[in-house]
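Descriptive analysis of the structure
Now for the letters of each chain:
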Amino acid sequence: MKVGYSYLETQFRQGLARARARKPGAPKEGWTEEILADVRRLIAAGDFTLGAPVGQFEHAFAALVGTAYAVGVNSGTDALFLTLKALGIGPGDEVITAVNTFIATVGAIQATGARTRFVDCDEEFTIAVAKIERAITPRTRAIIPVHYTGSPVDMEAVLAIAKRRKLHVIEDACQSIHAAYKGRPVGSWGIAGAFSLHPLKNLNIWGDGGMIVTDSVKLRDRLLLLRNHGMQNRDEYSIFGYNSRLDSLQAVVGLHLMKDVEAITEARIENARRYDRALARVAPHVWLPPRRPEKRHNFHLYMFHASKRDALLGRLHEAGIDAKVHYPIPLHLQRCCRELGYARGDFPVAEAQAKTMLTLPVHQHLTAGQRACVLRTIREFYGR
Ligand SMILES: *Cc1c(COP(=O)(O)O)cnc(C)c1O
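**Brief notes about the packing of aromatic side chains**
Overall, the coordinates contain twelve aromatic pairs when judged by the stated rule. An angle of 45° between the planes, with centres 6.0 Å apart, marks the rings of Y302 and F304 as tilted. Classification of Y302 by relative accessible area gives buried; the value is 0%. Residue F304 is classed as buried on the basis of its relative accessible area, which comes to 0%. Ring centres of F381 and Y382 lie 4.8 Å apart, and the angle between their planes is 85°; on these two criteria the pair is classed as edge-to-face. The class for Y382 is buried, based on a relative accessible area of 8%. Of the aromatic side chains, those joined through ring pairs into one cluster are Y275, F299, Y302 and F304. Sitting above the plane of the W189 ring, R184 keeps its charged end 4.3 Å from the centroid. Stacked on the ring of Y69, the Lys or Arg R220 has its end atom at 4.5 Å from the ring centre.

Structure representation (structure tokens):
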């Protein structure tokens, strides 16, 4: 049985029929056709650049996260980069983030000319909040907690440190749409939250896109300039900016997918709950991160630990199961990070986890049969 990691093919074949069927009254078919009808309307109108759908999507996105504003940009990476630029962060400054994140978090910091300071991670694959203070220097300007895998960081603790040390908090919420900490959506805690709409993320448009959310009108206005060449209007340019607009076409797609975010999250949480229960019985060969009731994890990634990880990964691949490792080489040991001056041994938790972590397909289209196949393969591997 083939158990894919990406769910894009499934999504287009059957729409979100299964996820939506869980919600009473939700339409069950015609999902792609509905979007294409709106795309045709957009083409007829030629409203491609910062067209009406962008504003509508921003409005809906801000409402979902519970912030006053949202600004659409062309990727999650730019959502981070432009926010750092808008806050005036650049050469000579330092920005703190987790050592186990996708490289884009670090790329965005480095692109501003600032220097990245890593902090080790905790058992939940997110920044070890208790180790943040040690990384702060007189040059530190901001902290970027990453809600990695969709697991919310303890934002109250991060904000307390930031307040005491007068630092900005920018949330890397690229993987964590609809995740929440103490009932409040991630992305709404810091001065800004950055989201990715990449095809592999939970809200997956038809190409690249990103969104920045904030309650600050000043930051919002700065971001509107930065994403569009610093143009106040057609004839007046107040600052040097970038071309980082969210395409109207992608906003059309995003507007449709917004309606499914809740069902997607619920389906993933349900898959994770079933995996959790079954994998607990394969202890001590596998072990799970702690699950905390105050956190709504959106299970963008379902990550756990496995002994003999590489052998298990090979066995899963042979069985047609698209398990992955996010990621086998911690960032401080990557070639591009050499200039940051870290060495093996600097982040022992992340280094140890990189050897045992494993990611299973957990997407909303997974069938009971596919889930059973994954769990049977793992049990058989350990002779259980
Ligand atoms: C995907 C991702 C990004 C970058 O988003 P893009 O839209 O691909 O540019 C940044 N940070 C994290 C944690 C991500 O997972």
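So much for the structure itself; the text now carries on.
**Overview of the sheet that holds strand β1 (residues 69-73)**
What links the strands of a sheet is backbone hydrogen bonding, and the strands pair in either a parallel or an antiparallel sense. Spatially, the seven strands line up as an open sheet ordered β1-β9-β8-β5-β4-β2-β3, and their pairing is mixed. Whereas interior strands pair on both sides, the edge strands pair on one side only; in this sheet they are β1 and β3 (115-119). Put simply, the sheet's adjacent strands are angled 25° from each other on average, direction ignored. Of the pairings in the sheet, the one linking strand β5 (residues 168-172) to strand β8 (residues 192-196) comprises three bridges and is parallel in character. Bridge pairing in β8 links E171 to G193. Against the sheet, helix α5 (residues 76-86) engages β1, β2 (94-98), β4 (140-144), β5, β8 and β9 (210-214), with an angle of about 160° to β8.

**Let's talk about the site of the ligand**
Around the ligand, the surrounding shell holds 15 residues, and the nearest of these are G76, T77, Q175, S196 and K201. With respect to the ligand, the backbone of G76 contributes an N or O atom lying 2.8 Å from an oxygen atom. D172 is positioned with one of its side-chain polar atoms (N or O) 2.8 Å from a nitrogen atom of the ligand. Protein coverage of the free-state accessible area of the ligand, which is 380 Å², stands at 93%. Split into classes, the residues belonging to the shell around the ligand amount to four nonpolar, nine polar and two charged.

Calculation notes
- Residues numbered from 1 in each chain as written.
- Predicted model: local features only at pLDDT ≥ 70, side-chain atom pairs only at ≥ 80, totals over all residues.
- Heavy atoms only, no water.
- Phe/Tyr/Trp six-rings, centres within 6.5 Å; stacked < 30°, edge-to-face > 60°.
- Buried < 20%, exposed > 50% of the residue type's maximum accessible area, 1.4 Å probe, protein only.
- Lys NZ or Arg CZ within 6 Å of the ring centre and 35° of its normal.
- Pairing = 2+ DSSP bridges.
- Helix = DSSP H or I, 4+ residues; strand = E, 2+ residues; numbered from the N terminus.
- Axes fitted to C-alpha atoms, helices over the stretch in contact; angles between N-to-C directions.
- Contact = heavy atoms within 4.5 Å.
- Near = heavy atom within 4 Å.
- Polar contact = N/O pair within 3.5 Å; in protein donor to acceptor, adjacent residues only side chain to side chain.
- Areas by Shrake-Rupley, 256 points an atom, 1.4 Å probe, with all protein chains shown as cover.
- Nonpolar A, V, L, I, M, F, W, Y, C, P; charged D, E, K, R; others polar.

The quantities given are spatial measurements derived from coordinates; they are silent on function.
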